[in-house]
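Here are the chains, one letter per residue:
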Amino acid sequence: MKKRFLALALALVMVFVLAACGEGETTATPTPEATEAVSTGPADVPDVEASANLDFGTGSTTGTYYGFGSTFGTYISNNTGVTITAVSTAGSQANIEMVDAGEYDLGFVQSDVMSYAYGGTNLFTEAVTGFTTLAALYMEQVQIVTLDPSIETVADLEGKTVSIGARGSGVYFNAIDVLGAYGLAESDIDPIFQNFDDSVESLQDGRIDAAFIVAGAPTTSITQLATTQDVYLVSLDQEHIDALIETSPYYSAYTISADTYGTANDCTTVAISAVLIGRADLDPDVAYTIVYTLFQNADKISHIKAAELDLEFGASITDVPYNEGAARYFEEQGFTVPTA
């Protein structure tokens, strides 16, 4: 009962704030927290005159990409000459393709999907280079969720019905990577290809045994599930984490604490970075204004992910060059990043 109460409290606090790359591409109205993105105290804004109206590809309206993106987009719009409009999208791949095509000016992407695009692998049949990095913002955890306590390791997924994300999504490739680290292939499970919300519904209805959800924890869909069910997260052991990072260095080890969802134990897993990108031809002064305002005012942006902003992490991308304006900001803060 105590755990259920904790999970319920979390759900009430986090609704519409968290999750990751979702489905369905529509322009949506900012969430309430986005319209209240300015807290007490004056904003720290750059001494640069930049103005632009930018469309920002995010993710599902119930996801972290849209929730955080619309919140800090509103903050920047309210305090600078740069106006940012968050657009709900299908997530990382769609955002990269739309930014590359010039349909969006900014986008949220997983760091692994960004690497696929720049290298022309996995999701992409040829290299996509019409975008640059603005900053890495926070970590997205690979969360393997189940209601079955007998599924204790990734190896236990063999023969089970498992949602591994929409076909061709970043989640799909994360799932294949993790399964592969344990010597399992897609053919060793009964794969179901669903987005976050459908996966949670299928878990609740008993139609699947487990689901891969790649998002910043706590994730709304999991938090809501935990209000009515005993939720379990499947851990990865250190040996397999090390093997995965050796072959796919864009992963990092990560621990999800037990109090995140009210689980009995901490969960050890891997994570990738959530990265803000922009068009390759985005005005450097505009890019500088966005990154400066975001990082200098993290304590004034009313979203839980703003607390995770960190300069060293923001400058940590090495395989896709940074916009010159973003690089200028990080250089001022003592960090050198690659540029085209």
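Reference entry: report on the structure contained in this document. These figures come from a predicted structure and were not determined experimentally.

Rules used throughout
- Residues numbered from 1 in each chain as written.
- Predicted model: local features only at pLDDT ≥ 70, side-chain atom pairs only at ≥ 80, totals over all residues.
- Heavy atoms only, no water.
- Salt bridge = Lys/Arg side-chain N within 4 Å of Asp/Glu carboxyl O.
- Helix = DSSP H or I, 4+ residues; strand = E, 2+ residues; numbered from the N terminus.
- Buried < 20%, exposed > 50% of the residue type's maximum accessible area, 1.4 Å probe, protein only.
- Core = buried A, V, L, I, M, F, W, Y, C linked by side-chain atoms within 4.5 Å.
- Contact = heavy atoms within 4.5 Å.
- Phe/Tyr/Trp six-rings, centres within 6.5 Å; stacked < 30°, edge-to-face > 60°.

This brings us to the pattern of salt bridges. Summed over the entire model, instances satisfying the criterion amount to seven salt bridges. In this structure, R279 engages D105 in a salt bridge whose closest nitrogen and oxygen atoms are separated by 2.2 Å. Here D105 lies in the loop between α4 (92-100) and β4 (106-110) and R279 lies in strand β11 (residues 267-279), a separation of 174 residues in the sequence. Across the pair, D105 and R279 agree in class, each one buried. Connected through salt bridges with shared partners, the residues D105, R279 and D281 form a single ionic network.

Of all hydrophobic cores here, the largest spans 103 residues; its most connected members are F72, L137, L157 and F212. At ten residues, strand β5 (residues 131-146) tops the list of elements feeding residues into this core. Beyond its immediate stretch of four places on either side in the chain, F212 contacts V142, Q143, I144, L157, V162, S163, I164, V171, A175, V178 and L179.

Here we come to the packing of aromatic side chains. What describes a pair of aromatic rings is the distance from one ring centre to the other and the angle between the planes of the rings. All chains considered together, the criterion is met by 21 aromatic pairs. Ring geometry for Y116 and Y250: centres 6.1 Å apart, planes at 85°, overall edge-to-face. Within this pair, whereas Y116 is found in helix α5 (residues 111-119), its partner Y250 is found in the loop between α9 (238-247) and β10 (252-256), the two being separated by 134 residues in sequence. Judged by relative accessible area, which is 21%, Y250 ranks as partly exposed.

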